[in-house]
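# Summary of structural features
Letter by letter, the chains look like this.
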Amino acid sequence: MKYILMSLLVLVMATCDVTADDHSPPKGFTVLFNGRDLTGWKDDKSGNWRVEDGVLVYNGQGEHLVTEDKYGDFILLIDWKIEDGGNSGIFLRGEEQVQVEIWDKRVYDTDMGSGAIVPYTIHKPLNNSDSPIGEWNRFEIQVRKGLVTVKLNDKLVLNELAVHFRQPRGPIVLQQHDTPLWFKNVYIKELEAESKPN
């Protein structure tokens, strides 16, 4: 009986892992990265951004990766991973000064983990919630009426920070910072009914 229960548990866990990476969006969300190619992104065909085994991979060279569509208020879900010394960010509405930071804090001799908004010394994350380097992390980023809220691995790291957007809509930008990057499970839910220019 114990063996049967253990077997069922392993089966359930394996099923959950597959479901998490099958590129099916949560209810109310749409897919930004389909796990097969760069459809929906401005691909310069350089090969610096490519898809491997359902994962969006960046080799540390070339330009930022930018969505073709523009967004106003939204909730963005995105899984990411870096290696030692890794650095990246997610520009909201395409604006570099409204960037959710991804980095290996050890390189910058700081106690601040990922999830801050520039300038980082002012808008520090509430918690250091990064997974160990080389393991997957998940951001939940909400932009609503000029306020940015960020959860990292289900922990609140930025709570309704008031930011000044220069434009009411803009693309999602994955920043290149000369280090390899990995992304998957990228989904977005637009909150246009609640949006207003700011």
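The following paragraphs examine the structure supplied in this document. Predicted, not measured: the structure shown is a model, and the values here were computed from it.

Opposite charge on two side chains lets them pair, provided their charged atoms get close. Here the structure, examined in full by the defined rule, presents eight salt bridges. Residue Arg138 pairs with Asp79 through a salt bridge whose shortest N-O separation is 2.5 Å. Residue Arg138 is found in strand β8 (residues 137-144), and its partner Asp79 is found in strand β5 (residues 74-82); the two are separated by 59 residues along the sequence. Arg138 sits in the partly exposed class, given a relative accessible area of 31%. Overall, Asp79 belongs to the buried group, its relative accessible area being 7%. A salt bridge links Arg169 to Glu190, with the shortest nitrogen-to-oxygen separation between them at 3.6 Å. With Arg169 in the loop between β10 (155-162) and β11 (173-174) and Glu190 in strand β12 (residues 181-190), this residue pair connects regions lying 21 residues apart in the sequence. The class for Arg169 is partly exposed, based on a relative accessible area of 34%. Residue Glu190 is classed as partly exposed on the basis of its relative accessible area, which comes to 41%. Each of Asp84, Asp104 and Arg106 takes part in salt bridges that share partners, so that together they form one network.

In this structure, Gly72 sits in the loop between β4 (65-66) and β5. C-alpha of Gly72 to C-alpha of Arg144: the two residues are 72 residues apart in sequence and 8.3 Å apart in space.

Parameters and conventions
- Residues numbered from 1 in each chain as written.
- Predicted model: local features only at pLDDT ≥ 70, side-chain atom pairs only at ≥ 80, totals over all residues.
- Heavy atoms only, no water.
- Salt bridge = Lys/Arg side-chain N within 4 Å of Asp/Glu carboxyl O.
- Helix = DSSP H or I, 4+ residues; strand = E, 2+ residues; numbered from the N terminus.
- Buried < 20%, exposed > 50% of the residue type's maximum accessible area, 1.4 Å probe, protein only.

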